[in-house]
Amino acid sequence: MAEIIIVRDQAEAGSVAASIFAKQIIANPGTVLGLATGSTPLSTYAALARAVREDRIDVSGVRGFALDEYLGVPPQHPESYRSVITREVVEPLGLTPDQVFTPRGTGPDITLAGAEYEAMITEAGGIDIQILGIGSNGHVGFNEPGSSLASTTRIKALAEQTRKDNARFFGSLEEVPTHCITQGLGTILRARQLVLLAFGANKADAVAAALEGPVSSAVPGSVIQQHARATVIIDEDAAAKLAHAEYYRHAWRSAQDLNAVAF
Ligand code: PGA
């Protein structure tokens, strides 16, 4: 079972998540990061950027792989995930663009792009630590309900709910792409460590189903239950429908007490 940490707000979540990432980067300056887009990881990226500015971590040797990209959206489009990762991660952390990879959503032989991306991840030695959000419909990456638990990077149709949720980034719903290329659930499970974050009441059903429901392709986020090293960081609103929230709070407090007396 994942370690579940219920925090006050996104700022606290960002510093808890960033400290997990920082610890990993300090232990291995060549860490391969798994990067997510959307609103959820922003407070983590901001906290990591602060750590870089204050010289607490050196990210010159890290590499990053984004989870997904829209199909048919050129990299220079402001809402391509390449552009989002450049704005939210590459620039604030002072990385160079060649340290970060996104699946390609355009170009020839697009059906081969998934296998190409898998090969690039393997070539880099695999992802050490993956940050994840979860969609209101339970998706992770763009693995919509029904995705195979063993899937690898491939082209997928976006769910209408996802297109509606993401319309805020585009001028209108019509402008939201209909397809994407996304790391699969099998790809995500191969990352050596997972950190999933969720905020707000509209994530409460997805969080409860993913953490306490059956592991099922109907709730792609439920794959986190199969990972041996996973941390879930959520605010009170996203935690509202968890049956065992009191236990998770107790377990997290005890872990901190143990850390305080340890060694
Ligand atoms: P959000 O999206 O971070 O913008 O809420 C999460 C997701 O869809 O995976």
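Each remark here, short or long, concerns the structure printed above.
For clarity, every value in this text was computed on a predicted model and none was experimentally measured. (Residues numbered from 1 in each chain as written. Predicted model: local features only at pLDDT ≥ 70, side-chain atom pairs only at ≥ 80, totals over all residues. Heavy atoms only, no water.)

Q: Mind showing me how you'd approach the overall build of the protein here?
A: A tally of helices and strands in the protein yields eight helices and 10 strands. The globule rule puts the C-alpha radius of gyration for 263 residues at 18 Å, and the 18 Å found for the protein is close to it. Expressed along its principal axes, the backbone C-alpha trace of the protein runs to roughly 55 × 40 × 35 Å. Expressed as a percentage of its 263 residues, the buried residues of the protein come to 52%. Residue pairs in contact within the protein that sit at least 24 positions apart in sequence constitute 77% of those at least 6 positions apart. As displayed, the protein has an accessible area near 11,600 Å², and 55% of this comes from carbon and sulfur atoms. Separation of charge centres in the protein, based on 21 positive and 29 negative side chains, amounts to 2 Å. (Helix = DSSP H or I, 4+ residues; strand = E, 2+ residues; numbered from the N terminus. Rg over C-alpha atoms; globule rule 2.2 N^0.38 Å. Buried < 20%, exposed > 50% of the residue type's maximum accessible area, 1.4 Å probe, protein only. Contact = heavy atoms within 4.5 Å. Areas by Shrake-Rupley, 256 points an atom, 1.4 Å probe, with all protein chains shown as cover. Lys, Arg positive; Asp, Glu negative; His and termini not counted. Charge placed at Lys NZ, Arg CZ, Asp CG, Glu CD.)

Q: I tried to follow the pairing of strand S3 (residues 63-66) on my own but got confused; where do I start?
A: In regular strands, side chains alternate between the two faces of the sheet. As defined by bridge partners, strand S2 (residues 32-35) adjoins S3 across four bridges and the pair is classed as parallel. Within S3, the position partnered with Val-32 by the bridge is Arg-63. Crossover S2 to S3 through helix H2 (residues 42-53) is right-handed. With two bridges joining them, S3 and strand S5 (residues 100-101) adopt parallel strand pairing. Bridge assignment links Phe-65 to a residue of S5, and that residue is Phe-101. (Pairing = 2+ DSSP bridges. Right-handed = clockwise from strand over helix to strand, strands pointing away.)

Q: Would you explain the pairing of strand S8 (residues 179-182) in this entry?
A: Here three bridges tie strand S4 (residues 68-70) to S8, and the two strands are oriented antiparallel to one another. Bridging across to S8, Tyr-70 finds its partner in Cys-180. Pairing geometry for strand S7 (residues 154-157) and S8, over four bridges, is antiparallel. What sits directly across from Lys-156, in S8, is Cys-180.

Q: How should the packing of helix H1 (residues 10-27) against H2 be read in this particular structure?
A: The relative placement of two packed helices is expressed as an angle between their axes plus a distance between the axes. The N-to-C vectors of H1 and H2 enclose an angle of 55°; their axes lie 7 Å apart at closest approach. Of the possible angle classes, the one that applies to H1 and H2 is oblique. Where H1 crosses over H2, the two elements pack in a sense that is right-handed. Each of Gln-10, Ala-11, Gly-14, Ser-15, Ala-17, Ala-18, Phe-21 and Ala-22 in H1 lies in contact with H2, whose residues at this interface are Ser-43, Thr-44, Ala-47 and Leu-48. Here the residues of the contact of H1 with H2 are counted per class, giving seven nonpolar, five polar and no charged. (Axes fitted to C-alpha atoms, helices over the stretch in contact; angles between N-to-C directions. Parallel < 35°, antiparallel > 145°, perpendicular 65-115°, else oblique. Left-handed = near helix turned anticlockwise from the far one by under 90°. Nonpolar A, V, L, I, M, F, W, Y, C, P; charged D, E, K, R; others polar.)

Q: Whenever I open this one, the pattern of salt bridges confuses me. Can you help?
A: Taken as a whole, this structure holds 10 salt bridges when the rule is applied. Its salt-bridge partner being Glu-79, residue Arg-87 comes within 3.9 Å of it at the nearest N-O pair. Close ionic contact of Arg-249 with Glu-246 constitutes a salt bridge, the shortest N to O distance being 2.9 Å. Taken together, the residues span about one helical turn, with Arg-249 and Glu-246 both in helix H8 (residues 245-261) at a distance of three residues. The exposure class of Glu-246 is exposed, given its relative accessible area of 52%. (Salt bridge = Lys/Arg side-chain N within 4 Å of Asp/Glu carboxyl O.)

Q: How should the site of the ligand be read in this particular structure?
A: As a structural note, the neighbourhood of the ligand is formed by Gly-38, Ser-39, Thr-40, Gly-133, Ile-134, Gly-135, His-139, Arg-168 and Lys-203. Contact distances for the ligand include 2.9 Å between an oxygen atom and a side-chain N or O atom of Arg-168. Coverage of the ligand by the protein chains reaches 82% of its 280 Å² of free accessible surface. Residue composition of the shell around the ligand, by class: one nonpolar, six polar and two charged. (Near = heavy atom within 4 Å. Polar contact = N/O pair within 3.5 Å; in protein donor to acceptor, adjacent residues only side chain to side chain.)

Q: Whenever I open this one, the packing of aromatic side chains confuses me. Can you help?
A: Aromatic rings in a pair are described by how distant their centres are and how their planes are angled relative to each other. Under the criterion given, the structure shown has seven aromatic pairs. Note on Phe-65 and Tyr-117: the rings are 5.7 Å apart at their centroids and 70° apart in plane angle, and the pair reads as edge-to-face. In this pair, Phe-65 is assigned in strand S3 and Tyr-117 in helix H4 (residues 113-123), connecting sequence segments 52 residues apart. Summarising the burial analysis for this pair, Phe-65 and Tyr-117 share the class buried. For the ring pair Tyr-81 and Phe-142, a centre distance of 5.8 Å and an interplane angle of 15° mean the geometry is stacked. With a gap of 61 residues between them, Tyr-81 in helix H3 (residues 81-93) and Phe-142 in the loop between strand S6 (129-132) and S7 connect regions that are remote in the sequence. Using a relative accessible area of 3% as the deciding quantity, one classes Phe-142 as buried. Taken together through their ring pairs, the aromatic side chains of Tyr-70, Tyr-81, Phe-142 and Phe-170 make up a single cluster. (Phe/Tyr/Trp six-rings, centres within 6.5 Å; stacked < 30°, edge-to-face > 60°.)

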